[in-house]
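Spelled out from the first residue to the last, the chains are:
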Amino acid sequence: MTAANVSPAEIARFDQLAARWWDPDGESRPLHDLNPVRADYVAARVDLRGAKLADVGCGGGLLSEALARAGAQVTGIDMGLKVIEIARLHLHESGLKVDYRKQSSAELAATEPEAFDAVCCMELIEHVPDPAALVHDLATMLKPGGRVFLSTLNRTPAAFGAAILGAEYLMRLLPRGTHHYAQFLKPSELARLLRQTGLELEDVSGLGYNPLSRKAWLSRITPINYILCARKPA
């Protein structure tokens, strides 16, 4: 994620949410509700005790802290200075250790190639100008035999209705303009990007979410949100 692969408008939008990132009833409410399911998905596929893990696009640190609490040595990076500051401040409350950096994925890949047992990149790829470049960075920083985890939104009418019309306009769970439908990726498209970097797709699962009950779960269908795991051959 070089300077050319960063959207200043996207960074500014998420920096505006920084102060309320850890409010479970604020604009980051869906992230709070989905976070345990995402963390469990990673923990089911990687032994986190002592594992070296990168959280790319970590935001205020919800997933980073969950993985650190499970025993991982976590490096969390984000290009938003304010969200990184909030993530660092929250460590004083949680008592956990996470190495938070204002850094791009390209910079981390260049300075620490093949350094991580696992790399997580949740809800970021639909916000960057060049998804292929981001996937290349993730693959580069991953150790042989390591796994990469991505979650994003499928480009379907159902996702448009739920993530944009529903979450942004009707229920106002997210600020308007958070998502752009044209940037959503179908699982087949993301799988192709992974294969082009030499990664082997292991699993694709849907992420179900009921904003009224605030329940989230894994699903066999992927019409809206989905999460996947891919492995770098040893």
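Rules used in this analysis
Residues numbered from 1 in each chain as written. Predicted model: local features only at pLDDT ≥ 70, side-chain atom pairs only at ≥ 80, totals over all residues. Heavy atoms only, no water. Pairing = 2+ DSSP bridges. Helix = DSSP H or I, 4+ residues; strand = E, 2+ residues; numbered from the N terminus. Axes fitted to C-alpha atoms, helices over the stretch in contact; angles between N-to-C directions. Polar contact = N/O pair within 3.5 Å; in protein donor to acceptor, adjacent residues only side chain to side chain. Salt bridge = Lys/Arg side-chain N within 4 Å of Asp/Glu carboxyl O. Buried < 20%, exposed > 50% of the residue type's maximum accessible area, 1.4 Å probe, protein only. Contact = heavy atoms within 4.5 Å. Phe/Tyr/Trp six-rings, centres within 6.5 Å; stacked < 30°, edge-to-face > 60°.

### Points about the sheet that holds strand β2 (residues 73-78)
Okay, so step 1: The strand order across the open sheet built from eight strands is β3-β2-β1-β4-β5-β8-β6-β7, with neighbouring strands paired in mixed fashion. Each edge of the sheet is formed by a strand with only one pairing partner; in this case those strands are β3 (98-102) and β7 (215-219). Neighbour-to-neighbour, the strand axes of this sheet turn through a mean angle of 20°, independent of strand direction.
Okay, so step 2: Inspection of the sheet shows strand β6 (residues 200-210) paired to strand β8 (residues 225-231) by seven bridges, in the antiparallel sense.

### Focus on unusual backbone geometry
Okay, so step 1: Positive phi values are uncommon outside glycine, yet E123 reaches one of about 55°.
Okay, so step 2: Within the fold, E123 resides in the loop between β4 (116-122) and α6 (131-141).

### Remarks on the pairing of β7
Okay, so step 1: Pairing between β6 and β7: five bridges, direction antiparallel. From the neighbouring strand, Y209 faces β7, where its bridge partner is A216.
Okay, so step 2: Between β6 and the antiparallel strand that follows it, β7, lie four residues; R214 among them carries a positive phi value of about 65°.

### Considering the side chain of S105
Okay, so step 1: Along the chain, S105 turns up in helix α5 (residues 105-111).
Okay, so step 2: At 2.7 Å, the side chain of S105 forms a polar contact with the side chain of D137.

### Some remarks on the pattern of salt bridges
Okay, so step 1: Going through the model one piece at a time under the given rule, you end up with 14 salt bridges.
Okay, so step 2: Of the charged contacts in the structure, one is a salt bridge between E65 and R69, with a shortest N-O distance of 3.9 Å. In this pair, E65 and R69 are both assigned in helix α3 (residues 62-69), four residues apart and thus about one turn of the helix distant.
Okay, so step 3: Residue R101 pairs with D99 through a salt bridge whose shortest N-O separation is 2.8 Å.
Okay, so step 4: The partly exposed category is assigned to R101, whose relative accessible area is 22%.
Okay, so step 5: Because the salt bridges share partners, they merge into one network encompassing K52, D99, R101 and E112.

### Let's talk about the side chain of D33
Okay, so step 1: Tracing the backbone shows D33 in helix α2 (residues 29-43).
Okay, so step 2: Given the relative accessible area of 13%, D33 is considered buried.
Okay, so step 3: Engagement of the side chain of D33 in a polar contact is seen with the side chain of R214, the distance being 3.0 Å.
Okay, so step 4: Other than its neighbours up to four places away in sequence, D33 contacts Y209, R214 and A216.

### Thoughts on the pairing of β8
Okay, so step 1: Along β8, six of the seven residues are buried, which leaves the element largely enclosed by surrounding structure.
Okay, so step 2: Looking at chain direction, strand β5 (residues 142-153) and β8 are connected through seven bridges and run antiparallel. The residue of β8 that forms the bridge with T152 is Y226.

### What to know about the packing of aromatic side chains
Okay, so step 1: Applying the stated criterion across every chain, the model contains one aromatic pair.
Okay, so step 2: Measuring from ring centre to ring centre gives 6.0 Å for Y41 and F149, while their planes differ by 85°; the resulting arrangement is edge-to-face. Residue Y41 is located in helix α2, and its partner F149 is located in strand β5; the two are separated by 108 residues in the primary sequence.

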